[in-house]
Amino acid sequence: MTEPAIGLVLHSSEGVAHRFDPGALGLELLPTGGPGALSHYEVLNEPADLARWAAASRLRPDPGGLVVSPEDVAAARYLRDALWHIAVARVHGEPLPAPDLVVLNEAAAWRPPALRLAPDGGRTWRTPITGTQVLAAVARDAVELFSGPYADRVRECSAHDCRLVFVDVSRPGRRRWCSMEHCGNRHKVRAHRSRSQAYEAPEG
Ligand SMILES: [Zn+2]
């Protein structure tokens, strides 16, 4: 049995699916929407939406063991928007915004899901897992990320029209794109086009 791929499946404005792995659970909530103009991308509207996101996240809970309430959805959006402000401040080397830290640190204090050792030596989560527990895991991961050795590797995608944030955990540390299949590929196509245009341009 192969492990399912890590990362969320997103759709471009043209409807093309691509996989985006932000590199850490603490950043995985960001593509579900966000504050201001990012609210255009909102996908967390009801408990089933948050459960679907959690099941696809790197937490990999048993989808049948998730219990999500409408309050959890509101809390998820609240935490996510705070994480956006913190992540963007981190990317730009600015001080981390105090009100958003209050939101994050509050969620990090909630009870997280409990790991269990399975008879086959694998790991599972103790079920049921509540929406609050999922958010606690996200918040704790974000605290570790933003205070940890990879905090300086939190970046925005290099495409001028893409705001996705990821942490580059690769050894060389040269990740530039949210995903090679999407923005990386668009960049290659553009670079190729401008090279061939330059080549074909008449000397003037
Ligand atoms: Zn991108």
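In short, a report on the structure. Predicted model, so just to flag it, every value in this text is computed and none were measured.

## Brief notes about the pattern of salt bridges
Point 1. On inspection of all chains with the given rule, the structure shows 10 salt bridges.
Point 2. Residues R58 and E28 are paired through a salt bridge, measuring 3.7 Å at the closest nitrogen-oxygen approach. Of the two residues, R58 is situated in the loop between α2 (47–56) and β3 (66–67) and E28 in helix α1 (residues 25–28); the sequence distance between them amounts to 30 residues.
Point 3. When its relative accessible area of 0% is taken as the criterion, E28 is described as buried.
Point 4. Here R186 makes a salt bridge to D161, at a shortest N to O gap of 2.8 Å. In this pair, R186 is assigned in helix α6 (residues 180–200) and D161 in the loop between β7 (154–156) and β8 (165–167), connecting sequence segments 25 residues apart.
Point 5. R186 sits in the partly exposed class, given a relative accessible area of 25%.

## Some details on the environment of L59
Point 1. Within the fold, L59 resides in the loop between α2 and β3.
Point 2. Separated by 78 residues in sequence, L59 and A137 have C-alpha atoms that sit 8.4 Å apart.
Point 3. With sequence-adjacent residues up to four places away left out, L59 is seen in contact with L25, W125, V134 and A137.

## Structural notes on unusual backbone geometry
Point 1. Residue P128 is bonded to the preceding T127 through a cis peptide linkage, with omega at 0°.
Point 2. Among the secondary structure elements, P128 is positioned in the loop between β5 (123–125) and β6 (129–130).
Point 3. Within the chain, R60 stands out as a residue other than glycine whose phi angle is a positive 50°.
Point 4. Within the fold, R60 resides in the loop between α2 and β3.

## Things to note about the coordination of the zinc ion
Point 1. Around the zinc ion, the donor atoms from the protein are C157 (SG), C162 (SG), C178 (SG) and C183 (SG), and they sit 2.3 to 2.4 Å away.
Point 2. Here the donor residues of the zinc ion share one chain and are spaced in sequence as C-x4-C-x15-C-x4-C. With C162 in the loop between β7 and β8 and C183 in helix α6, this residue pair connects regions lying 21 residues apart in the sequence. With respect to burial, C162 and C183 carry one shared label: buried.

## Side note on the packing of helix α3 (residues 70–91) against helix α5 (residues 131–147)
Point 1. Interhelical geometry of α3 versus α5 gives an angle of 10° and a closest axis separation of 10 Å. Comparing the axis directions of α3 and α5 gives the class roughly parallel. Taking contact as the criterion, the partners of D72, A75, A76, L79, L83, I86, A87 and R90 in α3 are, on α5, G131, T132, L135, V138, A139, A142 and F146.
Point 2. Looking at side-chain class alone, the contact of α3 with α5 contains 11 nonpolar, 2 polar and 2 charged residues.

## Here's the deal with α2
Point 1. All of the buried residues in α2 are D49, L50, A51, W53 and A54.
Point 2. Lining the buried residues of α2 we find β1 (8–11), α1, β3, α3 and α5.

## As for the layout of surface pockets
Point 1. Taken as a whole, the largest pocket encloses approximately 950 Å³ of empty space.
Point 2. Residue lining of the largest pocket: 34 residues in total, with L10, H11, P31, Y41 and L164 positioned closest to the centre.
Point 3. Elements with a contribution of two residues or more to the lining of the largest pocket: β1, β2 (17–20), α2 and α6.

## A word on the packing of aromatic side chains
Point 1. Across all of its chains, the model carries 0 aromatic pairs by this definition.
Point 2. Taking NZ or CZ as reference, R175 lies 4.1 Å from the ring centre of F166, over its face.

## Observations concerning the pairing of β2
Point 1. By the alternation rule, side chains of β2 split into H18 and F20, which are all buried, and A17 and R19, of which none is buried.
Point 2. Summarising the sheet, β1 and β2 pair through 4 bridges and their orientation is antiparallel. Bridge assignment links V9 to a residue of β2, and that residue is R19.
Point 3. Between β1 and β2, which follow one another and run antiparallel, lie 5 residues, and G15 among them has a positive phi close to 85°.

The rules behind these values
- Residues numbered from 1 in each chain as written.
- Predicted model: local features only at pLDDT ≥ 70, side-chain atom pairs only at ≥ 80, totals over all residues.
- Heavy atoms only, no water.
- Salt bridge = Lys/Arg side-chain N within 4 Å of Asp/Glu carboxyl O.
- Helix = DSSP H or I, 4+ residues; strand = E, 2+ residues; numbered from the N terminus.
- Buried < 20%, exposed > 50% of the residue type's maximum accessible area, 1.4 Å probe, protein only.
- Contact = heavy atoms within 4.5 Å.
- Donors = N, O, S within 2.8 Å, 3.2 Å for Na, K, Ca; no water.
- Axes fitted to C-alpha atoms, helices over the stretch in contact; angles between N-to-C directions.
- Parallel < 35°, antiparallel > 145°, perpendicular 65-115°, else oblique.
- Nonpolar A, V, L, I, M, F, W, Y, C, P; charged D, E, K, R; others polar.
- 1 Å grid on protein atoms, 1.4 Å probe; cavity = no way out; pocket = protein on both sides within 12 Å on 5 of 7 lines; lining within 4 Å.
- Points joined across faces, edges and corners; volume = space filled by probe spheres on them.
- Phe/Tyr/Trp six-rings, centres within 6.5 Å; stacked < 30°, edge-to-face > 60°.
- Lys NZ or Arg CZ within 6 Å of the ring centre and 35° of its normal.
- Pairing = 2+ DSSP bridges.

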